[in-house]
Amino acid sequence: QVQLVESGGGLVQAGGSLRLSCVASGIAFTFSDKAWYRQAPGKQRELVAGITSGGSTDYADSVKGRFTISRDNAKNTVYLQMNNLEPEDTAVYYCHLRAPISRNSYWGQGTQVTVSS
């Protein structure tokens, strides 16, 4: 079965940094498109950053220049480096993979990121 296990969330002061990790199993990680989404209370889930199997990246305007998505195919892990965090970044962050061929969508359990002012 496909599993996405997230870690790295927590409480941080504004201006601080966190690095989220998502370790995948049961999926062809290398050829999957990977992304991080977030959902704040009372808001819809939004795409934060994505990376294709080829390494192309996209970011929400609100995080450009502050967040970096990357992956280590040898470790089946996708990362989200979050720098200069703002209170508005407070949300539950979800790892997302879309499998090749089947195009099935898989979600991590979510990890809470709280940025205090």
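Coordinates for the structure precede this section.
Predicted, not measured: the structure shown is a model, and the values here were computed from it. (Residues numbered from 1 in each chain as written. Predicted model: local features only at pLDDT ≥ 70, side-chain atom pairs only at ≥ 80, totals over all residues. Heavy atoms only, no water.)

### With respect to the overall build of the chain
Keep this limit in mind: Strands are runs of DSSP state E lasting at least 2 residues, helices are runs of H or I lasting at least 4, and numbering of each runs from the N terminus. Just to be clear, the radius of gyration here is over C-alpha atoms, and the globule rule we use is 2.2 Å times residues to the power 0.38. Throughout this description, buried means an accessible area under 20% of the type-specific maximum (1.4 Å probe, protein chains only), exposed means over 50%, and partly exposed covers the range between.
Assigned secondary structure in the chain consists of 0 helices and 11 strands. Counting from the amino terminus, helix and strand elements in the chain follow one another as β-β-β-β-β-β-β-β-β-β-β. Computed over C-alpha atoms, the radius of gyration of the chain comes to 13 Å, within 12% of the 13 Å expected from 2.2 N^0.38 for 117 residues, which places it in the range of a compact globule. The C-alpha extent of the chain, read off along each of the three principal axes, is 45 × 25 × 25 Å. By the burial criterion, 38% of the 117 residues in the chain qualify as buried.

### Here's the deal with the sheet that holds strand β8 (residues 77–82)
Strands belonging to one sheet form pairs held by backbone hydrogen bonds; the direction of such a pair is parallel or antiparallel. Here is the rule we go by: In this analysis, strands are considered paired if DSSP registers two or more bridges between them. Lines fitted to C-alpha atoms define the axes, with helix axes restricted to the stretch in contact, and inter-axis angles between N-to-C directions lie between 0 and 180 degrees.
An order of β1-β3-β8-β7 is seen for the 4 strands of this open sheet, with the pairing classed as antiparallel. Two strands lie at the open edges of the sheet, namely β1 (3–7) and β7 (67–72), each paired on one side alone. The mean inter-strand angle of the sheet, taken between neighbouring strand axes irrespective of direction, is 15 degrees. Here β7 runs beside β8; their pairing, made up of 6 bridges, is antiparallel. The residue bridging Arg71 from the neighbouring strand is Val78, located in β8.

### Quick word on the pairing of β1
For a regular strand, side-chain orientation follows a simple rule: the groups alternate between the two sheet faces. Only one face of β1 is covered, namely the one carrying Leu4 and Glu6; the face carrying Gln3, Val5 and Ser7 has none of its residues buried. Of the strand pairs in this sheet, β1 and strand β3 (residues 18–25) are connected by 5 bridges, and their pairing is antiparallel. By the bridge assignment for β3, Glu6 is matched with Cys22.

### Examining the nonpolar core
This is how the line gets drawn: Among buried residues, those of type Ala, Val, Leu, Ile, Met, Phe, Trp, Tyr and Cys that are joined through side-chain atoms within 4.5 Å constitute a nonpolar core. In this description, contact between two residues means that some pair of their heavy atoms is separated by no more than 4.5 Å.
In this structure, Trp36, Phe67, Val78, Leu80, Met82 and Tyr93 are the most contacted members of the largest nonpolar core, which totals 28 residues. Those elements that place two or more of their residues in this core are β3, β5 (46–51), β7, β8, β9 (91–98) and β11 (111–116). Ignoring any residue separated from it by four or fewer positions in sequence, one finds Met82 in contact with Gly16, Ser17, Leu18, Leu20, Arg66, Phe67, Tyr93 and Val113.

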